[in-house]
Amino acid sequence: MKDIILASKSPRRIELFKKLNLAFSCITPDIDETMDLSCGLEKAVANIAFKKADSILKSHPNAIVIGADTIVTLENIILGKPKDKQDAFSMLRQLSAKTHKVMTGVCIMTENRMETFCDVSEVTFYPLTDEEIEKYIATGEPMDKAGAYGIQGQGALLVKHINGDFYSIMGLPIARINQILRTFITG
């Protein structure tokens, strides 16, 4: 069987990928993650996943490489990782009582085959008071997360409803990846 490489350093993605019970290694891609938004948000995030996987495949041509990227959008505006606590506060204030989208692009590739997709989920937040936002920011959790929250941690307390794949919101739609990856391994 070919080596499987997850093109990521994300602890959440690594944790989720372990659910597949497959031997794999992780290599952090070194790419320019600037998005070309002219093709639309879904295609743009899938393109970043492709760039991550492709950069690793170039030095590991006999492997199966999986790249992924996740963005949080509110009314088609990307909410990245907050620059500081004030930025995190601003993002969480914007998300309060609203529904936003979480898009995770995935690329699974070998030398002669590639599958790329974007999984889109909707997340609705409860109305948040300034005190609730400040208390959450004090945990430190929002600072390295797109949209300034982690649904798998204390951020779960902010979420009223999700429509989509919980694991995709965490950063890796693992069930869909499993379905596709099986065809790479067996085919």
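Attention in this report is confined to the structure presented alongside it.

**Quick look at helix α2 (residues 41-57)**
Link 1 in the chain: Compared with the 24 Å implied by 1.5 Å per residue over 17 residues, the 24 Å span of α2 between its first and last C-alpha is a close match.
Link 2 in the chain: Residues Leu41, Ala44, Val45, Ala46, Ile48, Ala49, Lys52, Ala53, Asp54, Ile56 and Leu57 constitute the buried set of α2.
Link 3 in the chain: Among the structural elements, β1 (4-7), α1 (11-17), β3 (64-74), β4 (77-79), β5 (99-109) and β6 (114-125) are those in contact with the buried residues of α2.

**As for the layout of surface pockets**
Picture a little ball the size of a water molecule; that probe, rolled over the atoms, points out where space is still empty.
Link 1 in the chain: In this structure, the largest pocket occupies an estimated 760 Å³ of space.
Link 2 in the chain: Lining the largest pocket are 34 residues, and of these Arg13, Lys52, Asp69, Thr70 and Lys81 lie nearest its centre.
Link 3 in the chain: For the lining of the largest pocket, the secondary structure elements donating two or more residues are α1, α2, β3, β4 and α5 (166-170).
Link 4 in the chain: The greatest single-element share of the lining of the largest pocket, amounting to five residues, is contributed by β3.
Link 5 in the chain: Estimated volume of the second largest pocket: approximately 210 Å³.
Link 6 in the chain: Around the second largest pocket, the lining residues are Tyr126, Pro127, Leu128, Glu132, Lys135, Tyr136, Thr139, Gln154, Leu157 and Leu158.

**Quick look at the packing of aromatic side chains**
Link 1 in the chain: By the definition in use, this model includes three aromatic pairs.
Link 2 in the chain: Residues Phe125 and Tyr149 carry aromatic rings whose centres are separated by 4.8 Å and whose planes lie at 75 degrees to one another, so their mutual orientation is edge-to-face. Here Phe125 is found in strand β6, whereas its partner Tyr149 is found in the loop between α4 (130-138) and β7 (159-163), with 24 residues between them in sequence.
Link 3 in the chain: Overall, the relative accessible area of 1% leaves Phe125 in the buried class.

**Let's talk about the pattern of salt bridges**
Link 1 in the chain: On inspection of all chains with the given rule, the structure shows eight salt bridges.
Link 2 in the chain: Arg176 is the partner of Asp119 in a salt bridge, and the nearest nitrogen-oxygen pair spans 3.9 Å. Of the two residues, Asp119 is situated in strand β6 and Arg176 in helix α6 (residues 174-186); the sequence distance between them amounts to 57 residues.
Link 3 in the chain: Under the relative-accessibility criterion, Asp119 is labelled buried at 13%.
Link 4 in the chain: Using a relative accessible area of 38% as the deciding quantity, one classes Arg176 as partly exposed.
Link 5 in the chain: Several salt bridges converge on common partners, so that one network encompasses Glu33, Lys52 and Asp69.

**Let's talk about the nonpolar core**
Link 1 in the chain: Among the nonpolar cores identified, the biggest contains 38 residues, and Phe17, Ile66, Leu92, Ile108, Phe125 and Tyr149 are the most heavily contacted of them.
Link 2 in the chain: Beyond its immediate sequence surroundings of up to four residues, Tyr149 is in contact with Leu92, Leu95, His100, Val102, Val123, Phe125, Tyr136, Pro142, Leu158 and Ile169.
Link 3 in the chain: By size, the runner-up hydrophobic cluster in this structure holds ten residues, among which are Ile56, Ala63, Val65 and Met109.

**Regarding the side chain of Thr124**
Link 1 in the chain: Tracing the chain through its elements places Thr124 in strand β6.
Link 2 in the chain: Polar contacts involving the side chain of Thr124 include one to the side chain of Thr99, which spans 2.6 Å.
Link 3 in the chain: Apart from residues lying up to four places away in sequence, Thr124 is in contact with Lys98, Thr99, Leu158, Val159, Lys160 and His161.

How each quantity is defined
- Residues numbered from 1 in each chain as written.
- Predicted model: local features only at pLDDT ≥ 70, side-chain atom pairs only at ≥ 80, totals over all residues.
- Heavy atoms only, no water.
- Helix = DSSP H or I, 4+ residues; strand = E, 2+ residues; numbered from the N terminus.
- Expected span 1.5 Å × (residues − 1).
- Buried < 20%, exposed > 50% of the residue type's maximum accessible area, 1.4 Å probe, protein only.
- Contact = heavy atoms within 4.5 Å.
- 1 Å grid on protein atoms, 1.4 Å probe; cavity = no way out; pocket = protein on both sides within 12 Å on 5 of 7 lines; lining within 4 Å.
- Points joined across faces, edges and corners; volume = space filled by probe spheres on them.
- Phe/Tyr/Trp six-rings, centres within 6.5 Å; stacked < 30°, edge-to-face > 60°.
- Salt bridge = Lys/Arg side-chain N within 4 Å of Asp/Glu carboxyl O.
- Core = buried A, V, L, I, M, F, W, Y, C linked by side-chain atoms within 4.5 Å.
- Polar contact = N/O pair within 3.5 Å; in protein donor to acceptor, adjacent residues only side chain to side chain.

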